[in-house]
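Descriptive structure summary
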Amino acid sequence: ILGGFSTEPWQICGSRGYYGSGDCFVFAMRSGEELEFYHHVPYKSEDVLLWADCSGFSLSGAVVVHSDFQKGSSQPSSTFGSPGLSTEGADFTILAFECWLLGGVGP
């Protein structure tokens, strides 16, 4: 199990190439272990937090979901100070995908 939390709605990236805030985080739970959380590492990491286009979306490479929602990848991320989060290696198959919205939409 792995995933992430974004404080902003997902959107196709504009000319800046990324967006997001330091309130984002990623997490992983390996078989038989406790849930591990990795938060943004300020001043020691890349500014890239959230990125999306027609090929998929990413939380600084720590969690990448391909556009077909069947494949993903996870690499060590200096943004979150995290190792690769998948127990299958860098590339993995998505068995189930959940997406939750907390709070309202719009002003």
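Rules used in this analysis
Residues numbered from 1 in each chain as written. Predicted model: local features only at pLDDT ≥ 70, side-chain atom pairs only at ≥ 80, totals over all residues. Heavy atoms only, no water. Core = buried A, V, L, I, M, F, W, Y, C linked by side-chain atoms within 4.5 Å. Buried < 20%, exposed > 50% of the residue type's maximum accessible area, 1.4 Å probe, protein only. Helix = DSSP H or I, 4+ residues; strand = E, 2+ residues; numbered from the N terminus. Contact = heavy atoms within 4.5 Å. Phe/Tyr/Trp six-rings, centres within 6.5 Å; stacked < 30°, edge-to-face > 60°.

Moving on, we come to the nonpolar core. In this structure, Val26, Leu50, Leu59, Val63, Phe80 and Leu85 are the most contacted members of the largest nonpolar core, which totals 18 residues. Elements that contribute at least two residues to this core include exactly β2 (25-28), β4 (50-53), β5 (56-59) and β6 (63-66). Leu59 has contacts with Gly4, Phe5, Trp10, Phe25, Val26, Leu49, Leu50 and Phe80, leaving out every residue within four places of it along the chain.

It is worth spelling out the packing of aromatic side chains at this point. In this structure the tally under the stated criterion is 7 aromatic pairs. Summarising the aromatic geometry, the rings of Phe25 and Phe37 are spaced 5.6 Å apart at their centres and angled 65° between planes, so their arrangement reads as edge-to-face. Note that Phe25 is positioned in strand β2 and Phe37 in strand β3 (residues 36-39), a separation of 12 residues in sequence. Overall, Phe37 belongs to the partly exposed group, its relative accessible area being 43%. Geometrically, the ring pair formed by Phe69 and Phe97 is edge-to-face, given 4.9 Å between the ring centres and 80° between the ring planes. Here Phe69 is found in the loop between β6 and β7 (71-73), whereas its partner Phe97 is found in the segment after β8 (91-93), with 28 residues between them in sequence.

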